[in-house]
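Here is what each chain is made of, one letter per residue.
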Amino acid sequence: MGFLRRLFFVPLLVAAIFLAGAQGSDVTVSFLPGVAVPLGPVVDGDLVAYSIGGGGTIRGELSPAFARFLFGRAFIDYDFMPLNNSSEAMSLVLSGAAIGGTLSPSPRISLRASAGGGMYVALL
């Protein structure tokens, strides 16, 4: 259970940093729903192990007031994939953080690059 606490601690810590530095900064919070369509693995020749599932991501971004071209990002993601011919399902929980930069060569074009890391846990 300690791993799950750490999994949720990272985004909460980053969110607290976002709120502390949000004075005069741009903060964006997004919810991104998703559908998971299985491509494999195949069991017994033609039966795909999973059926169609879904999930969502909650993501927060902060661009500090002193350097608008920089940003920090934190996210938590949940995916649900039912097993075929079973009442069980696989749940995947991910959390992480990233830092990056934005380059806007014109008002209508923006290029972004970021690097980050995180952790995940899969539950059956």
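Described below are features of the structure shown in this document. Each chain has its residues counted from 1, following the order in which its sequence is written. Thresholds applied to this predicted model are a pLDDT of at least 70 for local features of residues and 80 or more for the giving and counting of side-chain atom pairs; totals over whole chains, interfaces and linings are not thresholded and use all residues. To obtain the side-chain values, all non-hydrogen atoms of the structure were included, while hydrogens and water were left out.

1. Quick look at the overall build of the protein
Heads up, the rule is: To qualify as a helix, a DSSP run of H or I must reach at least 4 residues; to qualify as a strand, a run of E must reach at least 2; elements of each kind are numbered from the N terminus. Note on classification: 1.4 Å probe, protein chains only; a residue is buried when its accessible area is under 20% of the maximum for its type, exposed when over 50%, partly exposed between these limits. Contacts are residue-level and defined by heavy atoms, with any inter-residue pair within 4.5 Å sufficient.
The number of helices and strands found in the protein is 1 helix and 7 strands. In the protein, the order of α-helices and β-strands from amino to carboxyl end is α-β-β-β-β-β-β-β. In the protein, which comprises 124 residues, the proportion classed as buried is 28%. Sequence-distant contacts in the protein: of pairs separated by 6 or more residues, those separated by 24 or more amount to 53%.

2. Some thoughts on the side chain of Ser63
Relative to the helices and strands, Ser63 resides in strand β4 (residues 53-63). We classify Ser63 as buried; its relative accessible area is 13%.

3. A look at the packing of aromatic side chains
Going by this rule: Aromatic pairing here means that ring centres of Phe, Tyr or Trp (its six-membered ring) are within 6.5 Å. Orientation follows from the plane angle: under 30 degrees is stacked, over 60 is edge-to-face, and everything else is tilted. Any Lys NZ or Arg CZ found within 6 Å of a ring centre and within 35 degrees of that ring's normal is scored as a charge over the ring.
For the structure shown, the criterion picks out 0 aromatic pairs. Taking the ring centre of Phe71 as reference, the NZ or CZ of Arg112 above it sits at 4.1 Å.

4. Some words on the pattern of salt bridges
Short version of the rule: We count a salt bridge whenever a side-chain nitrogen from Lys or Arg sits within 4 Å of a carboxyl oxygen from Asp or Glu.
Applying the stated criterion across every chain yields a total of 3 salt bridges. A salt bridge links Arg73 to Glu61; the shortest N-O distance between them is 2.9 Å. Residue Arg73 is located in strand β5 (residues 70-82), and its partner Glu61 is located in strand β4; the two are separated by 12 residues in the primary sequence. Each member of the pair, Arg73 together with Glu61, is buried. A cluster of three or more residues bridged by salt bridges with shared partners is formed by Glu61, Arg73 and Arg112.

5. Section: the environment of Ser25
Note on placement: Ser25 falls in the loop between α1 (2-20) and β1 (26-36). For Ser25, a relative accessible area of 13% gives the class buried. For the pair Ser25 and Arg68, spaced 43 residues apart in sequence, the C-alpha separation works out to 8.1 Å. Not counting residues up to four positions away in its chain, the partners in contact with Ser25 are Leu62, Ser63, Pro64, Ala65 and Arg68.

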